[in-house]
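The chain contents come next:
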Amino acid sequence: MNPFRFGNVVTGEYFTNRQSEIKEIISEIKSGQHIVLMSPRRYGKSSLVNEAMKTSRMKWFRINMELIADEIDLANYYVRNALSLSKFEKIKHYLKNLKIQPYIQIQPKTSEISVSFSTDTQAGTGSRNISTLLSDSLQLPETIAKNMKKKVVIVFDEFQEIRRISRTLERKMRGIFQYHQNVTYVFVGSQESMIREIFQNKKNPFYKFGRHITLHKIPEPEFSDFVIKRFSSQRIDARGIVQDVLKFTDGRPYYTQQLCHEIFILSEKKTLTPGIINKAVDQITTEHHADYSRWWGSLTNTERKVIIGIASGDYNPTSQEFIRKYNIKSASTSGSVVSKLIALGTLVKKNGENIKIEDPFWKEWILKNR
Ligand SMILES: Nc1ncnc2c1ncn2[C@@H]1O[C@H](COP(=O)(O)OP(=O)(O)O)[C@@H](O)[C@H]1O
Ligand SMILES: [Mg+2]
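## A short note on the overall build of the protein
The number of helices and strands found in the protein is 18 helices and 9 strands. When the 370 residues of the protein are sorted by exposure, 32% land in the buried category. Here the analysis covers contacts within the protein between residues at least 6 apart in sequence; of these, 72% occur between residues at least 24 apart.

Now the structure itself:
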């Protein structure tokens, strides 16, 4: 069995560290404090929240805003998840709270519930119906929590997507959530500028709604122990390569597990030596060639120049030297490209650190293909 996993939420032996973050999240939630959890993509936010909620043994559900198409879709998800918090026998009772009745199907064996509001609601609609539907749905968890006499936690993952779903959703949600006494909200986001805009701009409805927590990388000594332990569970000695692995991935959890996953597949000997890192990186960049060239193809000329410069180790894209060397029109052109690429997550910039290309394998691919 490959001792490394990447992509989805990880738990159990694939999850490491984060003890203090878990403690902090649980203690805030138990006191009813809403939270805004922020970090770049793939640092482990979803895994952390999942772990914290499991540890807390509280009732909770997660809405991944990336998967929500529109307000009706959100209402469907919401009602279904809210109903599954309660006892089976109570469902009918709670449905009475909804002014627009959904079509409900229940799997008797698994008690799985599916909810859909009939398309009449959409067609015959008018936005008034959708609004009623949405506000009833957003209200439902509070009603259920109050009835159960138990606090409930709702996690919104990739919350910045709210602005794609609808322009008025922020206002509607905030208007309802502010009265809730029995539901604690956790907002998870990976586009820092958008999340800051939503929660730190006075003009916006969610201004100061939750306490901010920024998730950092896993500290190097702990992550290095994790890598060594995972390899040694398969009788492989990785002590000789772990430092170089973390250097390549910059200690970012997802890419570290991705690289180690590949190294494990390629490992023939019981003791690993640094040469295997290059082999694994080659393998990964070859495997993802199609994706990488599609990303590259979607960039403008100036974006390409900025990325090439940064990939080549020139970290100050707005300097005169940089724009001359890479033949960019002006420092301000370069600056606005950088801001856009940071917002998209293609580049990452942390306080006091150099700008980096988010995906270290893509960076390798770019350097190799030039
Ligand atoms: N605590 C952790 N320990 C080990 N690996 C982790 C941890 N958190 C995240 N990862 C790695 O990063 C990947 C992405 O994690 P995820 O929770 O989906 O991040 P995010 O929600 O921030 O995008 C996981 O699939 C796993 O490989
Ligand atoms: Mg996530």
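On we go.
## Quick word on the packing of helix α15 (residues 301–311) against helix α17 (residues 331–344)
Packing of α15 against α17 leaves a shortest axis separation of 10 Å and a crossing angle of 80°. Accordingly, the angle class assigned to the pair α15 and α17 is roughly perpendicular. For the pair α15 and α17, contact is made by Thr302, Glu303 and Val306 and by Thr333, Ser334, Val337, Val338 and Leu341, respectively.

## Comments concerning unusual backbone geometry
Its identity as a non-glycine residue notwithstanding, lysine 208 has a phi of 55°, on the positive side. As for its placement among the helices and strands, lysine 208 is situated in the loop between α9 (192–200) and β7 (211–214). Within the chain, arginine 235 stands out as a residue other than glycine whose phi angle is a positive 60°. In this fold, arginine 235 is placed in the loop between α10 (220–232) and α11 (242–249).

## Some words on the site of ligand 1
Lining the immediate surroundings of ligand 1 are 22 residues, of which Gly44, Ser46, Ser47, Pro253 and Gln257 lie closest. Sorting the residues of the shell around ligand 1 by element identifies α2 (45–56) and α12 (253–266) as the ones contributing at least two each. When its residues are assigned to classes, the shell around ligand 1 shows 7 nonpolar, 10 polar and 5 charged. Shared between two domains, the shell around ligand 1 takes at least three residues from each, and those domains are domain 1 (18–214) and domain 2 (220–287).

## Describing the environment of arginine 235
The class of arginine 235 is exposed, set by 7 C-beta atoms lying within 10 Å. Through-space distance from the C-alpha of arginine 235 to that of phenylalanine 88 is 47 Å; in sequence the pair is 147 residues apart.

## Thoughts on the domain arrangement of the protein
Its domain assignment divides the protein into domain 1 (18–214), domain 2 (220–287) and domain 3 (294–368). Placing the centre of domain 1 and that of domain 2 at their C-alpha centroids yields a distance of 38 Å.

## Quick word on the environment of glutamate 192
Structurally, glutamate 192 is set in helix α9. The spatial distance from the C-alpha of glutamate 192 to the C-alpha of serine 135 is 28 Å, given a sequence separation of 57 residues.

## A look at the packing of α11 against α12
Relative orientation of the contacting elements α11 and α12 amounts to 130°, with a least axis distance of 9 Å. In terms of their interaxial angle, α11 and α12 are classed as oblique. In the packing of α11 onto α12, the handedness of the crossing is right-handed. Residues Val245, Leu246, Phe248 and Thr249 of α11 lie in contact with α12, whose contacting residues are Tyr255, Thr256, Leu259 and Cys260.

## Thoughts on α2
An ideal rise of 1.5 Å per residue puts 16 Å on 12 residues; α2 measures up with 16 Å between its terminal C-alpha atoms. Where α2 is buried, its residues meet α1 (19–30), β1 (35–38), β2 (59–64), β5 (152–157) and β6 (183–189). Of the residues flanking the end of α2, it is arginine 57, one or two places downstream, whose phi is positive at about 60°.

## Brief notes about the sheet that holds β6
What holds strands together in a sheet is hydrogen bonding between their backbones, with the strands either parallel or antiparallel. Sheet architecture is open: 5 strands sit in the order β2-β5-β6-β1-β7, paired in parallel fashion. Every other strand in the sheet has two partners, leaving β2 and β7 as the edge strands with one partner each. Looking at each pair of strands side by side, their axes are set apart by 20° on average, direction ignored. By the bridge criterion, 4 bridges tie β1 to β7 in an arrangement that is parallel. Following the sheet pairing, valine 36 is matched in β7 by histidine 212.

## Focus on the pairing of strand β3 (residues 103–107)
Among the 5 residues in β3, 0 count as buried, and that is only a small part of the element. In the sheet, β3 pairs with strand β4 (residues 112–116) via 5 bridges, with the strands oriented antiparallel. Each bridged residue has a counterpart across the sheet, and for glutamine 105 the counterpart in β4 is serine 114.

## Observations concerning the environment of methionine 58
For methionine 58, the location among the structural elements is in the loop between α2 and β2. Setting aside its immediate chain neighbours within four residues, methionine 58 contacts Met53, Lys151 and Val153.

What counts as what
Residues numbered from 1 in each chain as written. Chains lettered and ligands numbered in written order. Predicted model: local features only at pLDDT ≥ 70, side-chain atom pairs only at ≥ 80, totals over all residues. Helix = DSSP H or I, 4+ residues; strand = E, 2+ residues; numbered from the N terminus. Buried ≥ 20, exposed ≤ 12 C-beta atoms within 10 Å, placed from the backbone. Contact = placed C-beta atoms within 7 Å. Axes fitted to C-alpha atoms, helices over the stretch in contact; angles between N-to-C directions. Parallel < 35°, antiparallel > 145°, perpendicular 65-115°, else oblique. Near = placed C-beta within 6 Å. Nonpolar A, V, L, I, M, F, W, Y, C, P; charged D, E, K, R; others polar. Domains from an automatic or database assignment. Left-handed = near helix turned anticlockwise from the far one by under 90°. Expected span 1.5 Å × (residues − 1). Pairing = 2+ DSSP bridges.

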